[in-house]
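# Per-entry structural report
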Amino acid sequence: MLKLLKNNNPLEGRTEGRITCSFSTRACGNMSLSYGNSRGVLDNRRKFLSNLGIDYIALVCAEQVHGTNVRYVNQTDESSGALVYDNSIPNTDGFITDVRNLPLAMFTADCPCVFLYDPRKPAIGLIHAGWRSSKGNILGQAVELMRSKFNSRPEGLIAGFGPSIRSCCYEVSGEFRGYFPSELTEKSGRFYLDLALVNKRQLIASGLKEENISETGLCTHCDSEDFFSFRREGKDTGRSLSVIMIK
Ligand SMILES: [Zn+2]
């Protein structure tokens, strides 16, 4: 496990050194200014990001409302939400950009974060893909926006998943049968959702090649040592930071 986390790069081996991307573990501390203990958050971010060659003051952060809006961001958005949550880009759960040295950030505890990379442009995306956003196909919207903004070809896009709660632990109510009929497993009358599979299928439906999608397979709920988990610890738990930047 620790070996897997050493690099923390969900796109390892696929990026040829042109981008930096990573997610923080529990040992890095809480990264959210809106959830969990906010003391020391900026210091936690500074330490984690400086190891990646990223200035924590430059972070572009989203309000993260579990919606389906994906925004193109550029230099004028630099530092949005980096020091104060209220300055985050409002009503947004996904970013795309082609601007170098502009670090995109998302904060999660159980929700999947999906990293997107178009090596041709180059361009990147970072999507907070909880179940509500996935129900609205936020990943389809992200791919479409990369296509219209950057002329990205979906078959050339590379995607990576950070750790998230997996079907081993993600029990949901019966109404989810109507939302995700093909990705639910029933065990002893209970329903478990494989949200990463939902996201993967949405990417493939948007034109990505399966071999260009990689994931850690790590479950944030199973591994309390390495990850925060909303399901395990409640809403006041800390948040991990997912970050991606074109170098
Ligand atoms: Zn699990």
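These remarks concern the structure in this document. (Residues numbered from 1 in each chain as written. Predicted model: local features only at pLDDT ≥ 70, side-chain atom pairs only at ≥ 80, totals over all residues.)

## Observations regarding the overall build of the protein
Counting its secondary structure elements, the protein contains seven helices and twelve strands. Relative to a compact globule of 247 residues, whose C-alpha radius of gyration would be 18 Å, the protein shows 17 Å and is just as compact. Projected onto its principal axes, the C-alpha positions of the protein cover 50 × 40 × 35 Å. The buried share among the 247 residues of the protein stands at 45%. Sequence separation of at least 24 residues holds for 71% of the intrachain contacts in the protein that already meet a minimum separation of 6. (Helix = DSSP H or I, 4+ residues; strand = E, 2+ residues; numbered from the N terminus. Rg over C-alpha atoms; globule rule 2.2 N^0.38 Å. Buried ≥ 20, exposed ≤ 12 C-beta atoms within 10 Å, placed from the backbone. Contact = placed C-beta atoms within 7 Å.)

## Observations regarding the sheet that holds strand β12 (residues 240-246)
Strand order in the open sheet formed by three strands is β1-β12-β4, with antiparallel pairing between adjacent strands. The open sheet has two edge strands with one neighbour each: β1 (19-23) and β4 (104-108). Neighbour-to-neighbour, the strand axes of the sheet open up by a mean angle of 10°, direction not taken into account. Relative to β12, β4 is paired through five bridges, and the arrangement is antiparallel. The residue of β12 that forms the bridge with methionine 106 is serine 242. (Pairing = 2+ DSSP bridges. Axes fitted to C-alpha atoms, helices over the stretch in contact; angles between N-to-C directions.)

## Details of helix α4 (residues 138-150)
An ideal rise of 1.5 Å per residue puts 18 Å on 13 residues; α4 measures up with 18 Å between its terminal C-alpha atoms. Residues Ile138, Leu139, Ala142, Val143 and Met146 constitute the buried set of α4. Buried positions in α4, seen along its axis, are confined to an arc of 140° and lie on one side of it. Of the surrounding secondary structure, the elements contacted by the buried residues of α4 are β2 (70-72), β3 (94-97), β5 (113-118), β6 (123-128), α3 (131-135) and α6 (195-205). Two residues or fewer after α4 comes asparagine 151, characterised by a positive phi angle close to 60°. (Expected span 1.5 Å × (residues − 1). Arc of directions from axis to C-beta.)

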